[in-house]
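Next come the chains, spelled out residue by residue.
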Amino acid sequence: DACGKGSRIYGKTSQHVLELALVLPDGTEWLSRPVDPATLSRLKKRPDRVGAIYRTVDAILTRQQALIERQFPKLPRFLTGYDLAHVRGADGAFDLNRLVTGSEGTLACITEAKLALVPVPAHKRLVAIRYRCFDDALASAEVLVGSDPAAIETVDGKILELARKDPVYDRVGHLVMDPSGEPTEALNLVEFSGDDLAAVESKVQALVAELQARCGQPGQAHGWVVAATPAESAGLWELRKKGVGLLGNAPGIRRPIAFVEDTAVPPNHLAQYVREFRRLLEAAGLEYGMFGHVDVGCLHVRPALNLRDPVDELLLRRISDRVVELVRRYGGVMWSEHGKGFRSEYSPRFFGEELFGELCRIKRVFDPTNQLNPGKLAVPDPSTHALVSVDGPKRGHFDRQISRRSLQRYAVAVNCNGNAACFDYDPDSVMCPSSKVTRDRVHSPKGRATMMREWLRELALRGYEPAEHVAARCPGIIWDHRIVHRAARDADEYDFSHEVHAAMDGCLSCKACATQCPIKVDVPELKAEFFDLYYQRYPRPLKDYLLASLEAVIGWMALLPRLVNALLRARWLQRLLSLAGLVDTPLLSAYTLRRGLAERGARRFDLRRLRALSDDERGRHVLLVQDAFTSFYESHVMLSCYDLLHELGYDVTVVPFRQNGKGLHVKGMLRRFHRLVRANADYFSELGRLGIAMIGIDPAVTLTYRDEYRRVLGADPGFRIELLQEWLVSQQEQVRQCLKRRGYRRPAGTAFSLMGHCTEKTLEPASQRQWQQLFALFGLELELVAVGCCGMCGVFGHEASHRDESLGIYEMSWQKHLPRDPELRKRYLAAGHSCRSQVERFDGEPLRHPAAVLLEAVRGRES
């Protein structure tokens with residue numbers, strides 16, 4: 001019987017249910033809707049299960065009306081469960097949907113639901129109010145409710161502190177922190193909504209005036225801000241929404257557990273109740289974070305426990321019992337939003353034995369054999385059936401079977417708390433494209449983490465320690481006889497590893513989960529390590545070797561690009577590649593980077609010359625770091641970047657091509673990848689000591705140096721390769737002076753749209769805004785188009801087994817946003833090679849790189 005933000009106005013789900021199509025445990029089908037007294041009388045005469053249900057519930061309501069009135073809580077969030085208090089409406093209707101809606105699947109199976117819809121308000125305004133302590137934020141509830149908002153939500157300092165490390169903070173940090181540097185230890189989000197804009201604005205101004213009048217008094221807000229745009233409001237609500245996940249990413253072996261998750265007390269008692277609640281938790285030495293719905297007295301708190309530790313498991317019981325006593329003392333309930341679940345054993349304490357017995361009679365008439373969710377909420381016969389208990393088996397019981405080394409090495413999988421932020425079906429969100437296109441939850445980060453955790457448990461039970469074997473051996477050829485022999489021997493044996501492989505193989509390695517998931521469940525890293533282990537037992541497909549070895553041979557291929565392209569166009573080779581599992585193999589640039597640089601008279605890379613540069617010369621010099629995709633498949637993009645930097649007054653040296661190893665990591669060839677990382681770290685660290693900026697072009701490759709390299713090296717790589725826009729924005733004044741010297745004029749037709757690369761958007765959230773800032777320097781407008789993943793993501797889209805998914809992902813978002821008009825399409829840009837090649841593959845014409853537009857502006861509009 002769910003409710004959430006805005007429940008003070010909209011109430012709970014059960015208040016909007018008109019009809020439910022039900023199937024009872026004995027197979028009886030029944031359409032439940034509110035009935036008048038005459039219809040109720042007829043239904044009670046039916047000789048079947050439906051008639052028995054109506055007779056039983058009506059008799060209980062008649063017999064226990066006074067007790068129900070006395071025992072059921074008088075709260076906006078009254079309770080979940082069998083809501084006897086509201087079966088009979090004020091209009092005389094008898095509505096059994098009020099029982100079923102909150103029954104957590106214990107009474108019937110719902111096959112259809114007919115709901116009353118409420119129009120979305122035309123206007124919304126959000127006020128973010130800052131406090132020096134959480135108690136002050138809660139104590140202000142009465143004043144805030146008096147302003148008649150649609151919702152009031154509270155976030156404590158713990159969550160605000162954790163949010164600093166989340167991408168959402170890049171968008172809302174300036175709204176959360178006080179400009180004077182005053183610490184913000186709590187935040188109230190107050191939203192006003194309505195169809196009359198003037199009325200909404202009037203409420204906002206009245207609240208702001210009240211806050212201003214109280215400012216400076218003890219316990220009052222020390223700052224506030226009215227969100228100026230819908231984007232700011234959305235960012236603040238996203239911060240609040242991420243509360244559960246952010247808590248789950250707190251450091252330490254203890255993790256937040258939802259066992260006193262959604263207690264509620266009368267709002268006027270909330271501040272005092274929370275003070276006692278906090279003292280209880282702190283006396284037990286527990287870390288926690290709090291957030292919730294201040295206007296309805298509902299508090300969300302997840303104390304951090306390590307349920308793999310039997311001592312902490314006992315502590316969970318002790319805290320639960322104490323919180324039940326505390327909630328009852330303040331006239332509240334233990335459950336007000338997320339269901340009873342394993343807290344059902346406390347029901348008799350809240351309702352009393354007599355009324356709880358009536359709840360069991362309802363369970364018995366619906367489900368006499370206790371088939372549906374046995375032990376939840378109520379039981380047919382308390383003398384023979386037991387309610388589930390907080391002492392029941394928990395996930396920690398299974399996780400403690402995983403070896404200590406695996407728990408440490410694969411903590412990111414074990415720590416997934418199931419918050420399900422990855423079940424994001426917005427096509428224009430970057431979060432988990434494979435989950436969106438397959439609609440299969442095993443292909444979500446949560447699903448893959450769960451599969452990985454169970455796999456680790458099963459390995460531990462068999463005495464196998466995976467941490468000892470990662471990157472231990474990487475066979476160089478597919479026909480390694482030891483692998484083939486072992487795979488043949490085990491061909492008929494069930495191996496759960498194959499199911500894990502199927503889940504991991506669908507991952508695009510886009511890295512969205514590594515940042516968008518509040519717990520930072522980095523599935524591409526788990527995938528790489530799993531593949532490394534899996535292919536020590538089973539033979540690799542040929543395509544993996546072809547893809548992972550591309551960087552090693554592409555430099556040689558580029559010496560004869562026309563010949564290589566002719567071969568790639570040949571049907572016989574295309575058929576062979578298809579048999580190997582590859583499709584739509586791209587062609588090399590016929591006009592090579594080598595030739596382009598030679599024609600420009602570019603200086604060859606000379607380390608001795610670079611070392612001899614003066615400090616002033618170093619400040620005007622940049623090193624352009626190559627990547628396989630831009631240098632060899634889109635040399636014109638690399639040359640545009642070279643030319644742009646040159647036109648802006650910088651001396652540019654192109655660093656000789658070196659393998660980055662991204663493909664090796666994606667395919668889990670970790671020994672070769674680790675060896676390459678260490679060699680590259682030595683090389684680029686030496687270049688870094690020159691004091692000359694290093695710039696990369698392709699986001700996926702460039703950011704590998706910050707992410708995967710750091711993970712292998714266990715520390716800062718010792719060098720930094722910056723994204724083009726990232727570095728140029730840091731050079732704004734120099735760029736501005738250069739344009740001024742050239743007499744640069746703002747060109748006509750200055751509006752462009754950028755479709756961002758998913759890895760760039762997630763690993764470097766500021767990167768898209770930096771493109772906007774850079775375009776603004778040139779007097780150009782750049783709109784950031786909200787799109788999800790393009791579906792290519794490096795090598796994923798070129799694998800035959802994934803082509804249909806790749807196309808489906810592209811059609812979900814990118815294709816819908818691209819105009820069909822060729823002239824309009826020229827104004828759409830993409831910074832990622834994968835994105836441009838995906839558009840070309842499915843729509844025939846690639847998008848331009850932003851640097852090409854800036855170069856045209858500089859060259860074509862000089863005075």
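Criteria and cut-off values
Residues numbered from 1 in each chain as written. Predicted model: local features only at pLDDT ≥ 70, side-chain atom pairs only at ≥ 80, totals over all residues. Heavy atoms only, no water. Helix = DSSP H or I, 4+ residues; strand = E, 2+ residues; numbered from the N terminus. Buried < 20%, exposed > 50% of the residue type's maximum accessible area, 1.4 Å probe, protein only. Contact = heavy atoms within 4.5 Å. Areas by Shrake-Rupley, 256 points an atom, 1.4 Å probe, with all protein chains shown as cover. Lys, Arg positive; Asp, Glu negative; His and termini not counted. Charge placed at Lys NZ, Arg CZ, Asp CG, Glu CD. Phe/Tyr/Trp six-rings, centres within 6.5 Å; stacked < 30°, edge-to-face > 60°. Lys NZ or Arg CZ within 6 Å of the ring centre and 35° of its normal. Pairing = 2+ DSSP bridges. Axes fitted to C-alpha atoms, helices over the stretch in contact; angles between N-to-C directions. Left-handed = near helix turned anticlockwise from the far one by under 90°. Nonpolar A, V, L, I, M, F, W, Y, C, P; charged D, E, K, R; others polar. Salt bridge = Lys/Arg side-chain N within 4 Å of Asp/Glu carboxyl O. Core = buried A, V, L, I, M, F, W, Y, C linked by side-chain atoms within 4.5 Å. Polar contact = N/O pair within 3.5 Å; in protein donor to acceptor, adjacent residues only side chain to side chain. Expected span 1.5 Å × (residues − 1). Parallel < 35°, antiparallel > 145°, perpendicular 65-115°, else oblique. Patch = residues over 30% accessible without salt bridge, like charges linked within 9 Å, V, L, I, M, F, W, Y side chains within 5 Å.

1. Let's talk about the overall build of the protein chain
Looking only at helices and strands, one finds 46 helices and 19 strands in the protein chain. Among the 863 residues that make up the protein chain, the fraction classed as buried is 57%. Residue pairs at least 24 apart in sequence account for 75% of intrachain contacts in the protein chain once pairs closer than 6 positions are excluded. About 36800 Å² of surface is accessible on the protein chain, with carbon and sulfur atoms providing 52% of the total. Computed over 118 positive and 108 negative side-chain charges, the inter-centroid distance for the protein chain is 3 Å.

2. Focus on the packing of aromatic side chains
A full pass over the atoms with the stated rule returns 24 aromatic pairs. By the ring-pair criterion, three or more aromatic residues cluster together here, those being Trp455, Phe530, Phe531, Tyr534, Tyr535 and Tyr538. Here the guanidinium or amino end of Lys5 rests over the ring plane of Trp237, the centre of that ring lying 4.1 Å away. Here the basic side chain of Arg827 rests over the ring of Phe752, its NZ or CZ set 4.9 Å away from the ring centre.

3. Side note on the sheet that holds strand β15 (residues 693-696)
Ordered by their spatial adjacency, four strands build an open sheet running β14-β13-β15-β16, and the pairing between neighbours is parallel. Only two strands of the sheet have a single neighbouring strand rather than two, namely β14 (651-654) and β16 (721-723). Strand-to-strand twist in this sheet, taken as the mean axis angle between neighbours without regard to direction, amounts to 40°. Sheet topology places strand β13 (residues 621-625) next to β14; four bridges connect them, and they run parallel. Paired with Leu624 across the strands is Val654, a residue of β14. Along the sheet face, helix α35 (residues 670-688) touches β13, β15 and β16 and points at about 130° away from the line of β15.

4. So, unusual backbone geometry
Phi angles above zero are rare outside glycine, and Asn373 is one such case at about 45°. Of note, the phi angle at Cys793 is positive, near 50°, even though the residue is not glycine. Take Cys793: it is sitting in the loop between β18 (781-785) and α42 (803-812).

5. Digging into the packing of helix α20 (residues 445-461) against helix α24 (residues 523-534)
Pairs of packed helices are described in terms of their axes, by the angle between the two and the distance that separates them. Direction vectors running N to C along α20 and α24 enclose 35°, while the axes themselves pass 11 Å from each other. Crossing geometry of α20 relative to α24 is assigned as left-handed. From α20, Pro445, Arg448, Met452 and Trp455 reach across to α24, where they touch Val523, Leu526, Phe530 and Leu533. In terms of residue class, the contact of α20 with α24 is built from seven nonpolar, no polar and one charged.

6. Details of the pattern of salt bridges
Tallied over the full model, the rule gives 69 salt bridges. Salt-bridge contacts for Asp58 lead to Lys44; the nearest nitrogen and oxygen are separated by 2.7 Å. With Asp58 in helix α3 (residues 49-63) and Lys44 in helix α2 (residues 37-44), this pair connects stretches of sequence that are 14 residues apart. For Asp58, a relative accessible area of 9% gives the class buried. Residue Asp615 pairs with Arg618 through a salt bridge whose shortest N-O separation is 3.3 Å. Residue Asp615 and its partner Arg618 are located together in helix α31 (residues 615-619), separated by three residues, close to a single helical turn. On the accessibility criterion, Asp615 (66% relative accessible area) is exposed.

7. Quick look at the nonpolar core
If you look at the biggest cluster of nonpolar residues, it comprises 90 residues, and the most contacted ones within it are Ile129, Tyr273 and Phe277. Ranked by the residues each element gives to this core, the list is headed by helix α15 (residues 347-366), at nine residues. Not counting the four nearest positions on each side in its chain, Phe277 is found in contact with Val260, Thr263, Met290, Leu299, Val301, Val323 and Leu326. Core analysis: the next-biggest nonpolar cluster, separate from the first, contains 43 residues, Leu754, Leu774, Leu777 and Phe778 among them.

8. So, the sheet that holds strand β17 (residues 751-755)
Spatially, β18-β17-β19 is the arrangement adopted by the three strands of the open sheet, whose pairing is parallel. Among the strands making up the open sheet, the edge pair consists of β18 and β19 (828-830). Each neighbouring strand pair of the sheet contributes to a mean axis angle of 35°, computed without reference to strand direction. In this structure, β17 lies alongside β18, joined through five bridges in parallel fashion. Opposite Met755, over in β18, you have Val785 as the bridge partner. Against the sheet, helix α41 (residues 767-777) touches β17, β18 and β19, its axis set at about 165° to β18.

9. A closer look at the side chain of Arg130
Along the polypeptide, Arg130 turns up in strand β4 (residues 123-131). A polar contact is formed between the side chain of Arg130 and the backbone oxygen of Leu175, at a distance of 3.1 Å.

10. Brief notes about helix α13 (residues 270-283)
Here α13 contains 14 residues, and its C-alpha end-to-end distance of 20 Å stays within 8% of the 20 Å for a straight helix at 1.5 Å per residue. Within α13, the full set of buried residues consists of Leu270, Ala271, Tyr273, Val274, Phe277, Leu280 and Leu281. Taken together, the buried residues of α13 touch α6 (134-139), β9 (262-264), β10 (290-293), β11 (298-301) and α14 (310-329). One or two positions beyond α13, positive phi appears at Gly285, with a value near 75°.

11. Examining the packing of helix α27 (residues 561-569) against helix α28 (residues 571-580)
Interhelical geometry of α27 versus α28 gives an angle of 70° and a closest axis separation of 5 Å. Taken together, the axes of α27 and α28 lie roughly perpendicular to each other. Contacts between α27 and α28 involve Leu567, Leu568 and Arg569 from the first element and Arg571, Trp572, Leu573, Gln574 and Leu577 from the second. When grouped by side-chain class, the residues that make up the contact of α27 with α28 number five nonpolar, one polar and two charged.

12. Brief notes about helix α11 (residues 230-241)
The end-to-end C-alpha separation of α11 is 16 Å, in line with the 16 Å expected for 12 residues at 1.5 Å each. Regarding α11, the residues found buried are Glu232, Ser233, Gly235, Leu236, Trp237, Leu239 and Arg240.

13. A word on a nonpolar patch on the surface
On the surface, a cluster of nonpolar side chains totalling about 950 Å² of accessible area is made up of Trp556, Leu559, Leu560, Leu563, Leu567, Trp572, Leu576 and Leu579. Of all the elements in the fold, those that place two or more residues in the nonpolar patch are α27 and α28. Of the residues forming the nonpolar patch, the biggest block, three residues, is contributed by α28. For Leu563, the location among the structural elements is in helix α27.

14. A few points about the environment of Gln220
Positionally, Gln220 belongs in the loop between α10 (197-214) and β7 (223-226). Distance from Gln220 to Ala139, taken between C-alpha atoms, is 8.8 Å for residues 81 residues apart in sequence.

15. Re the environment of Pro218
Within the element layout of this structure, Pro218 appears in the loop between α10 and β7. Along the primary structure Pro218 and Asp136 are separated by 82 residues, whereas in three dimensions their C-alpha atoms are 8.9 Å apart.

16. Observations concerning the environment of Thr80
Residue position: Thr80 is located in the loop between α4 (65-71) and α5 (97-100). Thr80 gets classed as buried once you look at its relative accessible area, which sits at 2%. For the pair Thr80 and Thr515, spaced 435 residues apart in sequence, the C-alpha to C-alpha distance is 34 Å. Contacts of Thr80, omitting those with residues within four sequence positions, involve Lys12, Gly102, Glu104, Trp335, Ser336, Glu337, Gly339 and Lys340.

17. Focus on the pairing of strand β6 (residues 186-194)
A large share of β6 lies buried, amounting to eight of its nine residues. Both β4 and β6 contribute to a ladder of nine bridges, which runs antiparallel. Bridge pairing in β6 links His123 to Gly194.

18. Brief notes about the pairing of β4
Of all nine residues making up β4, seven are buried, and the element is well covered by its neighbours. Two elements, β4 and β7, share four bridges in a ladder whose sense is antiparallel. In the sheet register, Ala128 faces β7, and the bridge partner there is Val225.

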